[in-house]
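Structural overview
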Amino acid sequence: MIIAVKNIEKSFGKNKVLNDFSFALKEANITGLVGRNGSGKTTLLKIMCRIFDPDRGEVSLDGEDIRKNYKLIEHIAYLPDRFDYFNYSKPKEMIEYYQIIYPNFDKDFFIKELEKNEIDLNKNIRNYSKGIKNLLGLITILATRAEILLVDEILDGMDVLNKEIISSYLLDAKEEGRTIFASSHELDQLYGLSDQIIYLTKKGKIEKIVEENDKFSKVQIVVRDKLPEDILKQSILRFNLGRVYTILIGMDKEKVKELLDRDQIVQYDILPSQVEDSFYWERGRK
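Residues numbered from 1 in each chain as written. Predicted model: local features only at pLDDT ≥ 70, side-chain atom pairs only at ≥ 80, totals over all residues. Heavy atoms only, no water.

1. Notes on the sheet that holds strand 1 (residues 3-12)
Heads up, the condition is: We treat two strands as partners when DSSP finds at least two bridges between them. Strands here mean DSSP runs of E at least two residues long; helices mean DSSP runs of H or I at least four residues long; both are numbered from the N terminus.
The four strands are arranged 2-1-4-5 in an open sheet whose pairing can be described as antiparallel. Strands with a single pairing partner mark the edges of an open sheet, and in this sheet they are strand 2 (15-24) and strand 5 (64-65). Sheet analysis places strand 1 next to strand 2, joined by seven bridges and oriented antiparallel. Residue pairing across strands places Ser11 opposite Lys16, the latter belonging to strand 2.

As structure tokens, then:
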């Protein structure tokens, strides 16, 4: 089942958060969603599960607009960044609520996985830590058996062990053929988990992040004395230690070679870009 976003726009007052973009998620893949604070990641996820309606555009499942068929929502499960909806309930009391929307809710899986992770079915959820709430929330949406899982900031604030558990659950869901769309500020963790990553800019546009970035080159340079001023002026400096500089520069490899072919440059290497480099590139020179 393919979920697609087409020409989505969303504003809150005069603030345009999402600005006319389209994309489709690959089946049985984990797609990471990254972006700076306030870029609209949570808004996008909420539109994709019908908590919000877009001002323009549509979200479709296998070509059918989810707003025109309310039953389609049983194929989409959303985990917010804070799983606080049931704070004054016990985990066992959540089951009947989810069974209303998700007729295939796997009660046996839910109970088994909570017991395996030592999460008490009879304890009020408000008494759990954020990490345990996140784990409880993930197990819950996995139990829905929905084909599309939308996960917001699940790695935020988690300890190392819980990150490993959550990562394993997401990879298992992918192996089962489910499609996962996960936002996070934990860039390294998300980069390792994801089959592809898309970046939501502060202007509300979507960009794909690929190792061979077509907007800029990332270059590590060793100089004899200091980095020539003409190079520095047209670059974004990512790192400097002594005579070693790492820069982002808006040129392809061939132009970089021409620029750096001079006596002041001892050595240089063109490096693969990482997700966080796109944050610095969008922010620009300061």
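2. Thoughts on a nonpolar patch on the surface
The condition that has to hold: Only residues whose relative accessible area exceeds 30% and that form no salt bridge are eligible for patches; like-charged ones are grouped when within 9 Å, while nonpolar side chains (Val, Leu, Ile, Met, Phe, Trp, Tyr) are grouped when within 5 Å. Accessible surface area values rest on a Shrake-Rupley calculation with a 1.4 Å probe, where residue burial reflects the displayed protein chains alone. What counts as a salt bridge is simple: a side-chain nitrogen of Lys or Arg found within 4 Å of a carboxyl oxygen of Asp or Glu. Note on classification: 1.4 Å probe, protein chains only; a residue is buried when its accessible area is under 20% of the maximum for its type, exposed when over 50%, partly exposed between these limits.
Residues Tyr97, Ile100 and Ile101 make up a contiguous nonpolar surface patch of roughly 350 Å² in combined accessible area. Tracing the backbone shows Ile100 in helix 2 (residues 91-101). We classify Ile100 as exposed; its relative accessible area is 70%.

3. Quick word on the pairing of strand 4 (residues 56-61)
Relative to strand 4, strand 1 is paired through five bridges, and the arrangement is antiparallel. Note on strand 4: the bridge partner recorded for Lys6 is Glu58. Taken together, the two bridges between strand 4 and strand 5 define a ladder with antiparallel strand orientation. The residue of strand 5 that forms the bridge with Ser60 is Asp65. Between strand 4 and strand 5, which pair antiparallel and follow one another directly, the connecting turn spans two residues, one of which, Asp62, has a positive phi of 50°.

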